[in-house]
Amino acid sequence: MTALGIDTSNYTTSAALYDAASDKASCSAKALPVKDGGLGLRQSDALFHHVRHLPEVMAGLDLPDTLSAVGASVRPRDADGSYMPCFMAGESAARMLADAVRAPFYAFSHQRGHLAAAAWSSGHMELMGREFLAWHVSGGTTELLRVIPGFHARLIGGTSDLCAGQLIDRVGVMLGLPFPAGPALEELALKSVKPLSAQVRLDGLRFSLSGMQNKATAFLEAGEPPESVARLTIDVILDCVARATEAALREYPGLPVLCAGGVMSNGIIRRALEPMAYFARPEFSRDNALGTAILAANADNLC
């Protein structure tokens, strides 16, 4: 039997099917439009675009005659007060579909879905039944998590202010790159031949990235090459994540580390951290509904 998952994040409308028996999956997604030079969308605009995109995204799936379960992302994280209106589009559609096909509906957080998609696409589904550490690094989240069986996450570290994806997008737009700026910033960074230096202080397992935007601005105003500023931006994020991971493994020795979220699809970061962590495949690092479908298919085994 196959489960359906729907995720309507702030930048992507997506739906996915997952068959637990065959361990096969398919996903359909459409990015939300952001104007040139923009740094995101208002929630009302995101909600509008999700409602428009959902029929097209659903048409991109080969829906089976029956569904064992339907799941949706209904909030950003499993935390008190975690709420974004854009998730209402996916939740509403999923609840109606579940009622129509007489399948159970399950609600999950967007973050929990990211972790499930990362576990599956990295080939480490055994993580769903054991404790591990995880990074969720994206435009709206840069969090180091301790995850216990059942995929319940507790925040233990990460940024105290600006998220890594926000820093990438702000520096990228400053450099004239399209939003979201991750792929273009990486491409530019790989052309760098003049290294620049900056380091963020680690306070336990936490760090602050807000000052890095000012440093990037100062380097550009001083005439440093754009590709060097792009590389520095990625290197600083990499350095923070690497040092926090090493510190976390001293505190929680022996736990595997899983990396999820769009920023973790960056090739520079992946190549440097792969010796110490598992990574989702790039297409499943970014916002997608696959993890939600996986969680819905395994809902009876989750507490």
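Look up a bit, the structure's there.
S.K.: If you had to explain the environment of valine 171 to someone new, which residues and values would you point to?
M.R.: Following the sequence through the fold, valine 171 ends up in helix 4 (residues 164-174). With a relative accessible area of 0%, valine 171 lands in the buried category. Taking the C-alpha atoms as reference points, valine 171 and threonine 8, 163 residues apart in sequence, are found 26 Å from one another.

S.K.: Give me the lowdown on the sheet that holds strand 7 (residues 142-148), citing residues and values where you can.
M.R.: Hydrogen bonds between backbone atoms are what pair the strands of a sheet, whose relative direction is either parallel or antiparallel. Reading across from one edge, 9-10-8-7-6-11-12 is the order of the seven strands in this open sheet, with mixed pairing throughout. Bordering the open sheet on either side are strand 9 (202-203) and strand 12 (278-279), each of which pairs with just one other strand. By the bridge criterion, two bridges tie strand 11 (residues 257-260) to strand 12 in an arrangement that is parallel. Residue cysteine 259 lies in a different strand from strand 12, and its bridge partner there is phenylalanine 279. Strands strand 6 (132-137), strand 7, strand 8 (152-159) and strand 11 of the sheet are contacted by helix 3 (residues 110-121), whose axis makes an angle of about 115° with strand 11.

S.K.: Tell me about the pairing of strand 7, and name the residues and values.
M.R.: Counted residue by residue, strand 7 has five buried out of seven residues, so it is predominantly covered. In sequence, strand 6 turns back onto strand 7 through a hairpin of four residues. With antiparallel pairing between neighbouring strands as the criterion, strand 7 and strand 8 make up a hairpin whose turn holds three residues, including glycine 150 at a positive phi of roughly 100°.

S.K.: An account of the packing of helix 6 (residues 210-221) against helix 7 (residues 226-251) is requested, with residue identities and associated values reported.
M.R.: At a minimum axis distance of 10 Å, the contact between helix 6 and helix 7 shows a crossing angle of 160°. One way to sum up the angle between helix 6 and helix 7 is to call them roughly antiparallel. Viewed along their axes, helix 6 and helix 7 form a crossing whose handedness is right-handed. Mapping the contact onto sequence places Met212, Ala216, Phe219 and Leu220 in helix 6 and Pro226, Val229, Leu232, Thr233 and Val236 in helix 7. Considering only residue class, the contact of helix 6 with helix 7 consists of eight nonpolar, one polar and no charged.

S.K.: Got a sec to walk through the nonpolar core? Specific residues and values, please.
M.R.: Judged by nonpolar contacts, the single largest core of 48 residues is most densely connected at Trp135, Leu185, Leu209, Ile237, Met264 and Ile269. For this core, the secondary-structure elements that each account for two or more residues are strand 6, helix 4, helix 5 (182-189), helix 6, helix 7, strand 11 and helix 8 (267-273). For this core, the leading source of residues is helix 7, giving 13 residues. Those residues within four positions of methionine 264 in sequence are excluded, and the remaining contacts are Trp135, Val137, Val241, Cys259, Ile269, Arg270, Phe279 and Ser285.

Thresholds applied
- Residues numbered from 1 in each chain as written.
- Predicted model: local features only at pLDDT ≥ 70, side-chain atom pairs only at ≥ 80, totals over all residues.
- Heavy atoms only, no water.
- Helix = DSSP H or I, 4+ residues; strand = E, 2+ residues; numbered from the N terminus.
- Buried < 20%, exposed > 50% of the residue type's maximum accessible area, 1.4 Å probe, protein only.
- Pairing = 2+ DSSP bridges.
- Contact = heavy atoms within 4.5 Å.
- Axes fitted to C-alpha atoms, helices over the stretch in contact; angles between N-to-C directions.
- Parallel < 35°, antiparallel > 145°, perpendicular 65-115°, else oblique.
- Left-handed = near helix turned anticlockwise from the far one by under 90°.
- Nonpolar A, V, L, I, M, F, W, Y, C, P; charged D, E, K, R; others polar.
- Core = buried A, V, L, I, M, F, W, Y, C linked by side-chain atoms within 4.5 Å.

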